[in-house]
Amino acid sequence: MALKTLKTETRGRVAIVTLNRPDALNALNSELLGELRETLAHFSADDKIGAIVLTGSEKAFAAGADIKEMQPKDYVSAYLEDLFEGWSAVSNTRKPLIAAVAGYALGGGCELAMMCDFIIAADTAKFGQPEITLGIIPGMGGTQRLTRAVGKAKAMDLCLTGRMMDAEEAERSGLVARVVPADELLATAMKAAEKIAGFSLPVAMMVKESVNRADEVTLAEGLRFERRLFHSLFATEDQKEGMGAFIDKRKAQFKHR
Ligand code: CO8
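Analysis parameters
- Residues numbered from 1 in each chain as written.
- Predicted model: local features only at pLDDT ≥ 70, side-chain atom pairs only at ≥ 80, totals over all residues.
- Heavy atoms only, no water.
- UniProt positions renumbered as here; feature names shortened; annotations may be inferred.
- 1 Å grid on protein atoms, 1.4 Å probe; cavity = no way out; pocket = protein on both sides within 12 Å on 5 of 7 lines; lining within 4 Å.
- Points joined across faces, edges and corners; volume = space filled by probe spheres on them.
- Helix = DSSP H or I, 4+ residues; strand = E, 2+ residues; numbered from the N terminus.
- Nonpolar A, V, L, I, M, F, W, Y, C, P; charged D, E, K, R; others polar.
- Near = heavy atom within 4 Å.
- Polar contact = N/O pair within 3.5 Å; in protein donor to acceptor, adjacent residues only side chain to side chain.
- Phe/Tyr/Trp six-rings, centres within 6.5 Å; stacked < 30°, edge-to-face > 60°.
- Lys NZ or Arg CZ within 6 Å of the ring centre and 35° of its normal.

- As annotated in an unreviewed UniProt entry, the protein chain is Enoyl-CoA hydratase from Hoeflea algicola.
- Under Sequence similarities (unreviewed entry), UniProt gives the following word-for-word description of the protein chain: "Belongs to the enoyl-CoA hydratase/isomerase family."

Below is the structure:
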């Protein structure tokens, strides 16, 4: 497929997907959504890929939903097309997905980063939910995922004032997993992705599924879910191999990669 709004590349078992609308600071329009959905579906189905890195440019991961595309919409069309529902394809991606964020991650850009499994930020990153300044509220999880990530006080502060927070504050608040110098961003994200992609793929996918459950269910339900997945892994060759390799003092060669 010829892509207009994204660039893709594979390095070993890692796919790198780069948002590529430089003239609009990677604003997220429907064309980009279509291409991203197709790209994620493609890499999800590719046995040779074990992890995906989603990134943008030095200046912007993404400066939000495309305001120019959104501005003329009316209530009925937004409701009928279930505007932005299509983005749930990102959070429904089952393979590990890392956001590597430099520059602006605003509105839908911040929400897109939060749909990934974790965020590695450059020290230049700026996160925010400025929708209130446009007369709307976040529409792709900003009031929900951000609140779970940073707590009510900071989520209210960011969503009500529309201010941006820098990478250091984002790490301190629990929104991002690590902050690195901008020129080390992609290498750091790649290293993490390569590490993940070297493990057993079904195990990494179960980790993801189980951690995500923590946001959705009670502690008792979550613990039960985790234990059932845990038990199921004793039916796999990768559990025998992983534990056998430890005992033999050698590197594990997982079959299901
Ligand atoms: N939509 C469309 N175009 C944009 C967007 C955007 N979100 N952001 C930047 N651009 C365009 C600008 O219009 C400009 O285009 P042009 O050169 O044709 O005038 C170009 O990108 C460069 O931008 P600036 O000149 O403004 O660059 P600055 O460096 O001066 O400023 C900022 C950078 C501060 C990031 C500024 O561009 C800005 O404030 N952008 C808008 C940020 C924003 O409000 N984002 C929230 C959008 S609403 C939203 O995301 C709702 C989420 C709902 C779900 C989303 C699902 C995807």
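1. Looking at the layout of surface pockets
- The calculated volume of the largest pocket comes to roughly 1,100 Å³.
- Every residue lining the largest pocket is counted, 33 residues in all, and those nearest its centre are Cys 116, Asp 117, Lys 208, Val 211 and Asn 212.
- Listed by contribution, the elements that provide at least two residues to the lining of the largest pocket are α4 (88–91), α5 (108–115), β7 (118–122), α6 (145–150) and α10 (201–213).
- The biggest single contributor to the lining of the largest pocket is α10, with eight residues.
- Grouping the constituent residues of the lining of the largest pocket by class yields 18 nonpolar, six polar and nine charged.
- Looking at the lining of the second largest pocket, its residues break down into 16 nonpolar, six polar and three charged.

2. Some remarks on the site of the ligand
- Around the ligand sit 26 residues in total, of which Lys 59, Ala 65, Ile 67, Gly 108 and Met 140 are the nearest.
- The contact in question runs from a nitrogen atom of the ligand to an N or O atom on the backbone of Ala 63, over 2.9 Å.
- Ala 65 is positioned with one of its backbone polar atoms (N or O) 2.8 Å from an oxygen atom of the ligand.
- Those elements that provide at least two residues to the shell around the ligand are α2 (67–70), β6 (104–106) and α5.
- Among the elements that make up the shell around the ligand, the one with the highest residue count is α2 (three residues).
- Split by residue class, the shell around the ligand holds 16 nonpolar, four polar and six charged.

3. So, the packing of aromatic side chains
- All told, the structure shown has two aromatic pairs when counted by the stated rule.
- Considering the side-chain rings of Phe 230 and Phe 234, the 5.3 Å spacing of their centres and the 75 degrees angle between planes classify their relative orientation as edge-to-face.
- Its end group placed over the ring of Phe 225, Arg 213 keeps NZ or CZ at 3.9 Å from the ring centre.

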